[in-house]
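# Structural overview
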Amino acid sequence: MLIVTLLCEIYLQLFSKLATKSFFMGQTKIHPDQMYIEGLAANDSAIIQTIYKKFVPKVVMFVMNNSGDKEHAQDVVQEIMILLFNQAKANTLQLTCPFDAYFFLLCKRKWLNELKKTSNKGVTINEDALSMNESALKLITNTEEFDEKQQLFDTMFLKLGDKCQELLKLSFTTKTMEEVAAKLNVTYGYVRKKKSLCVGQLTQWIQEAKNFKSLKNN
Amino acid sequence: MNEERYILFDQYLQGEMTVEERNSFEKQLSEDHELSSEFETFKEVQLRLTAKFEFEEEREAFKANLTAISDKHFNTSTPKVVLMRPWYYAAAASIIVLFGLFFFDYNNPTFADYDNPEPASFVERGDTNATLKEAQAAFNDGKYKEAIPLFEEILKENKTPEIQYFYGVALLEESKYPKAEAVFNELKSGTSLYKEKATWNLALSKLKQKKYKECKEILQTISQDYENYDDIERLLDELD
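Read on for a plain summary of the structure.

Rules used throughout
- Residues numbered from 1 in each chain as written.
- Chains lettered and ligands numbered in written order.
- Predicted model: local features only at pLDDT ≥ 70, side-chain atom pairs only at ≥ 80, totals over all residues.
- Heavy atoms only, no water.
- Helix = DSSP H or I, 4+ residues; strand = E, 2+ residues; numbered from the N terminus.
- Buried < 20%, exposed > 50% of the residue type's maximum accessible area, 1.4 Å probe, protein only.
- Contact = heavy atoms within 4.5 Å.
- Phe/Tyr/Trp six-rings, centres within 6.5 Å; stacked < 30°, edge-to-face > 60°.
- Buried area = accessible area lost by both parts, 1.4 Å probe.
- Salt bridge = Lys/Arg side-chain N within 4 Å of Asp/Glu carboxyl O.
- Polar contact = N/O pair within 3.5 Å; in protein donor to acceptor, adjacent residues only side chain to side chain.
- Nonpolar A, V, L, I, M, F, W, Y, C, P; charged D, E, K, R; others polar.
- Expected span 1.5 Å × (residues − 1).
- Arc of directions from axis to C-beta.
- Axes fitted to C-alpha atoms, helices over the stretch in contact; angles between N-to-C directions.
- Parallel < 35°, antiparallel > 145°, perpendicular 65-115°, else oblique.
- Left-handed = near helix turned anticlockwise from the far one by under 90°.

Residue and element names in this part refer to chain A. Mapped onto the fold, Leu 83 is located in helix 5 (residues 70-89). Under the relative-accessibility criterion, Leu 83 is labelled buried at 8%. Between the alpha carbons of Leu 83 and Thr 143 there is a distance of 8.0 Å; along the sequence they are 60 residues apart. Excluding anything up to four places from it in sequence, Leu 83 contacts Thr 143, Phe 146 and Asp 147.

Okay, here's the thing in structure tokens:
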């Protein structure tokens, strides 16, 4: 186990050196590994299989060496894959570092966070900051922020009443609000106002959560 | 909840404000930090809602596919090998033979036999219309799917029988029958050079859908003066 951890560290340091080099050559250049992201967004089975074959074994090894088992690893990988799909679909994921390191670190941090939740052992997850280059770290922070916001949004959406949920679903899957009104058998003015208020309710809750968070951080 | 505020946000985003209202709203935004922060959140919520519903089906498909691949990856220890007994081979072979007989019996002409669209050449040297060039290139390369939206864009501004005709052919190649037939019917009832060609393509559309009777009826309406009447005779013979 010690050897594996050591190997990981050596790998990371090597990687960060390589990455720093390319970092100076082109700061915002998209990495060729972006193809993995595109493949996920397109639900391309060949790409997904390649990811499992090439990059997942390392994650499995890490989880199993850190108080987890195969099933834990499988879950962590799956969650990260869905997160990447969502972020890719929102067009906010542009890889500026190799997929390998990015994917491994996301999985690693996710697993360490899970451990932190269930045990009281102090787990430090900021160690990566020392060995990672800036652009990769920024990318990981972005993805984790996207995830956090998505989870907040999902929670708040479920808090809405059934009527709001139904109306929003219809509004965002139907071409015009006139059609929505016809489907629900109410007036156009009513659906427009109701929709504004439902989106408004979500906005208010999310805004409050944001304000609370920034208060906590200050 | 500040109802007025959210109704205002929505009206602004839908572009339903007068110029004065817009200006005053934008001025407020630049002055009131709290308002602009909330407006940003409102826009973000709209984006998340769009993403949530727009990609719902795709997301479910992705999850299903992912789970299948993941399960396969993690459970490679239980390979499924089905042994085939000799008489299975015999059964399989006879099914293949039956299939062959079934298809050979119906020796109807197919759309593929007559599917050779002429190349488009409506871009003149020095022509600067980029969309037109792009559409022609896509069409001639057989990338009909790409050509269709380009043609649609061109037709919005410049509706000529020539462009309509090639648009129809592209639609037919992509098997968008109702749309293609609507285009050809319009040309057929017109007086342009493409009148007969459109009628011929209308017949091909029926052929592609295996509506042989309708195909024949349309072919019989084409006059013998049509430049490619040989094709029509040949197809009529094969249909009989």
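From this point, things continue past the structure.
What follows concerns the packing of aromatic side chains. All names here are of chain B. In the structure shown here, the tally under the stated rule is 26 aromatic pairs over all chains. On the numbers, 6.0 Å between centres and 70° between planes, the contact of Tyr 6 with Phe 9 is edge-to-face. Here Tyr 6 pairs with Phe 9, and both are found in helix 1 (residues 3-13), just three residues apart, close to one helical turn. The class of Tyr 6 is buried, set by a relative accessible area of 1%. Consider the rings of Tyr 12 and Phe 25, whose centres lie 4.7 Å apart with planes at 40°: the pair is tilted. Taken together, the positions of Tyr 12 in helix 1 and Phe 25 in helix 2 (residues 19-31) put the pair 13 residues apart, joining distant regions of the chain.

This brings us to the interface of chain A and chain B. The interface is formed by 43 residues belonging to chain A together with 35 residues belonging to chain B. Together, the buried faces of chain A and chain B total about 3,800 Å²; carbon and sulfur atoms form 65% of this surface. Applying the counting criterion to the chain A and chain B interface returns five salt bridges. Its salt-bridge partner being Lys89(A), residue Glu58(B) comes within 2.6 Å of it at the nearest N-O pair. Counting across the interface, chain A meets chain B through 16 residue pairs in polar contact (both at pLDDT 80 or more). At the level of elements, helix 2 (34-41), helix 3 (45-54), helix 4 (56-65), helix 5, helix 8 (134-159), helix 9 (162-173) and helix 11 (188-217) of chain A are the ones that each hand at least two residues to the side of chain A that touches chain B. At 15 residues, the largest contribution of residues to the side of chain A that touches chain B is made by helix 11 of chain A. When grouped by side-chain class, the residues that make up the side of chain A that touches chain B number 20 nonpolar, 14 polar and nine charged.

Residue and element names in this part refer to chain B. With 19 residues, helix 4 (residues 56-74) should cover 27 Å at 1.5 Å per step; its first-to-last C-alpha distance of 27 Å lies within 8% of that length. Those residues of helix 4 that fall on the buried side of the exposure criterion are Arg 59, Phe 62, Asn 65, Leu 66, Ile 69, Ser 70 and Phe 74. An end-on view of helix 4 places all buried positions within 155° of arc, on one side of the element. When the buried face of helix 4 is taken as reference, the exposed residues oriented beyond 90 degrees from it are Glu 57 and Lys 72.

Below, the discussion takes up the packing of helix 5 of chain A against helix 6 (residues 99-118) of chain A. All names here are of chain A. It is at 10 Å that the axes of helix 5 and helix 6 come closest, and there the two elements cross at 120°. The angle between helix 5 and helix 6 places the two elements in the oblique class. Crossing of helix 5 against helix 6: the hand is right-handed. On helix 6, the residues that touch His 72, Val 76, Val 77, Glu 79, Ile 80, Met 81, Leu 84 and Gln 87 of helix 5 are Phe 99, Tyr 102, Phe 103, Leu 106, Cys 107, Lys 110 and Trp 111. In the contact of helix 5 with helix 6, the residues fall into eleven nonpolar, two polar and two charged.

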